Each structure stands twice: as structure tokens, then as C-alpha cells.
Amino acid sequence: MPGILLGDEFPNFEADTTIGKIRFHDFLGNSWGILFSHPRDFTPVCTTELACAARYTEQFKKRGVKMIALSIDSVEDHRNWSKDVMAFNSDADTALPFPIIADHNRKLSVDLGMLDPDELDKDGMPLTARCVFVIGPDKKLKLSILYPATTGRNFDELLRVIDSLQLTAQKKVATPVDWKPGDKVMVIPSLSDAEAASLFPNGVTTKELPSGKKYLRYTQP
Ligand code: BEZ
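All values reported here derive from a predicted model rather than from experimental measurement.

Caption draft 1: Just the overall build of the chain, in detail. Looking only at helices and strands, the chain has 7 helices and 13 strands in total. Seen through its C-alpha atoms, the chain measures out along the principal axes to roughly 60 × 40 × 35 Å. Within the chain, residue pairs in contact and separated by at least 24 positions form 62% of the contacts whose partners lie at least 6 positions apart. Where the 27 positive side-chain charges of the chain centre and where its 30 negative ones centre are 7 Å apart.

Written out as C-alpha cells, the structure is:
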């Protein structure tokens, strides 16, 4: 089965991109990384997505996350389409602030399980789906999401999950539904009450439940 699982080391592939040939691990350096694929250049939903990603560049930078996009089109197409993307943002004089990988032989898309069997090009070959990989500074996969070509992603949600990933990489907490930075978090179940009390000086509150089990423990990180 092609694909990559949480905790796997992300492949150190070589690829042609709009900034030249890269080796992925060298490109990432010691940073976090986000790799997002899209089905095709010069298509409407993809244009709105990459334009949004470009507008959010400072937000990713603030979090120390290097951005890179990917589709099966050529570097030349990527460069030409990038101008449309920035014009869509009414920012035609600025270059797209992150590179795009040209996976023209679909090797990466196959190896990483990114193809959408329901979306075919004019030759009947599958296009890339809307895949997102977040990679940690240790080069391991921390998060993946996979949307079909017909559903655009939400980049506010991507920033939210990166905030959660970065917080939970440092502290023994988990973020509840719809969590936002600044909200309370949950103490992870593997931590004893004594360990939680010593790790969280802001205190731990436990919600009473009909089961009597004390697993809903909140703290302010
Ligand atoms: C789009 O980006 O608009 C798109 C691309 C492929 C299939 C469907 C939509």
C-alpha cells in the first residue's frame, strides 16, 4: 500500500520545483514543514486555495513552518499559474511566497498516496487530491489530511492544528474540540493525578461525570 503513516519519517525525496531542484530534508532544515498538494494548475478551487496560502504566509512563518505545494504539472506551468494566483490576491507584482513541486511523473503522488481515482485528466490519468502533510523538525509525519479534488481546504483550520501540534509536542496535553490558542486544554489520560499536579502549576480541574470516572481533566497550559 502506498502512503505514509503518522510517526513515519517523511521521505527525503529530490524534486524539481519553482525554486530549482530540492532535497526535501535540506529544504526543511530544522523547521516544521507543510506540504499541500492540489489537483491541477489553472483550475478554480486550486487558485483560491493557493491564493489563501500566500495571504497566510506570515502566519506560517510566525509558527516556524516552511510551506511547499505540489501538483503533477510542470515547473513552467507552476510559474505561469503563480502569476494568476497572486493576481487573484490583487498582488500581481509579488512572487508566490513558497515553492511548488512539479511531480510530472507522479512518482511522489503515488508513493505518498496522494492520487484521487475519481478525478482524471484528459488522458484518463488520476490527478492529485488535496493532501496536507505537516512534518515536524524531526522529519516525522505529525498530521495528514486528504480531501477530494472537489472540496477546498480551510487554511484557518491548518493554522489551528499546527498550533495544537506545536503545543502538544511540548506539553503532556491534548486539545479538545474546536480548541483555539489560549483556551483550556485536557490533561492526557496516561498522566496520573500526582504527575499532572506537579506538571501544571496553574492547577487541574476535573469535571464530575455520571460514571464517576475522573478523566475529564482541564488545565491552562
Ligand atoms: C479545481 O481546482 O477547481 C478543481 C480541480 C480538479 C477537479 C475539480 C476542481
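Caption draft 2: The site of the ligand, seen in detail. Around the ligand, the neighbouring residues are P39, T43, P44, V45, C46, E119, R130 and A149. Measuring from an oxygen atom of the ligand, one finds a backbone N or O atom of C46 at 2.9 Å. Within the contact set of the ligand, an oxygen atom lies 3.0 Å away from a side-chain nitrogen or oxygen of R130. When isolated, the ligand has an accessible area of 260 Å², and the protein chains bury 83% of it. With 3 residues, the single largest contributor to the shell around the ligand is helix α2 (residues 44–55). Here the shell around the ligand is composed, by residue class, of 5 nonpolar, 1 polar and 2 charged.

Caption draft 3: Representation of helix α4 (residues 75–88) within the structure. Over its 14 residues, α4 extends 20 Å from the first C-alpha to the last, a length consistent with the 20 Å expected when each residue adds 1.5 Å. Along α4, the positions that sit buried rather than exposed are V75, H78, W81, S82, V85 and M86. Buried-residue contacts for α4 involve β1 (14–17), α2, β4 (65–71) and β5 (100–102). S90 sits one or two positions beyond α4 and adopts a positive phi of about 55 degrees.

Caption draft 4: Local environment of the pairing of β4. Most of β4 is tucked away, with 6 of its 7 residues classed as buried. As judged from the 6 bridges shared by strand β3 (residues 32–37) and β4, these two strands associate in the parallel manner. From the neighbouring strand, L35 faces β4, where its bridge partner is I68. Inspection of the sheet shows β4 paired to β5 by 3 bridges, in the parallel sense. What sits directly across from A69, in β5, is I100. Taken together, β4, α4 and β5 constitute a β-α-β crossover, and its handedness is right-handed.

Caption draft 5: Representation of the domain arrangement of the chain within the structure. The domain architecture assigned to the chain consists of domain 1 (14–153) and domain 2 (171–219). Computed over C-alpha atoms only, the centres of domain 1 and domain 2 are separated by 36 Å.

Caption draft 6: A look at α2. Here α2 is 12 residues long and its end C-alpha atoms lie 17 Å apart, about the 16 Å a rise of 1.5 Å per residue gives. Of all the positions in α2, only C46, T47, E49, L50, A51, C52, A53 and A54 are classed as buried.

What counts, and where the lines are drawn
Residues numbered from 1 in each chain as written. Predicted model: local features only at pLDDT ≥ 70, side-chain atom pairs only at ≥ 80, totals over all residues. Heavy atoms only, no water. Helix = DSSP H or I, 4+ residues; strand = E, 2+ residues; numbered from the N terminus. Contact = heavy atoms within 4.5 Å. Lys, Arg positive; Asp, Glu negative; His and termini not counted. Charge placed at Lys NZ, Arg CZ, Asp CG, Glu CD. Near = heavy atom within 4 Å. Polar contact = N/O pair within 3.5 Å; in protein donor to acceptor, adjacent residues only side chain to side chain. Areas by Shrake-Rupley, 256 points an atom, 1.4 Å probe, with all protein chains shown as cover. Nonpolar A, V, L, I, M, F, W, Y, C, P; charged D, E, K, R; others polar. Expected span 1.5 Å × (residues − 1). Buried < 20%, exposed > 50% of the residue type's maximum accessible area, 1.4 Å probe, protein only. Pairing = 2+ DSSP bridges. Right-handed = clockwise from strand over helix to strand, strands pointing away. Domains from an automatic or database assignment.

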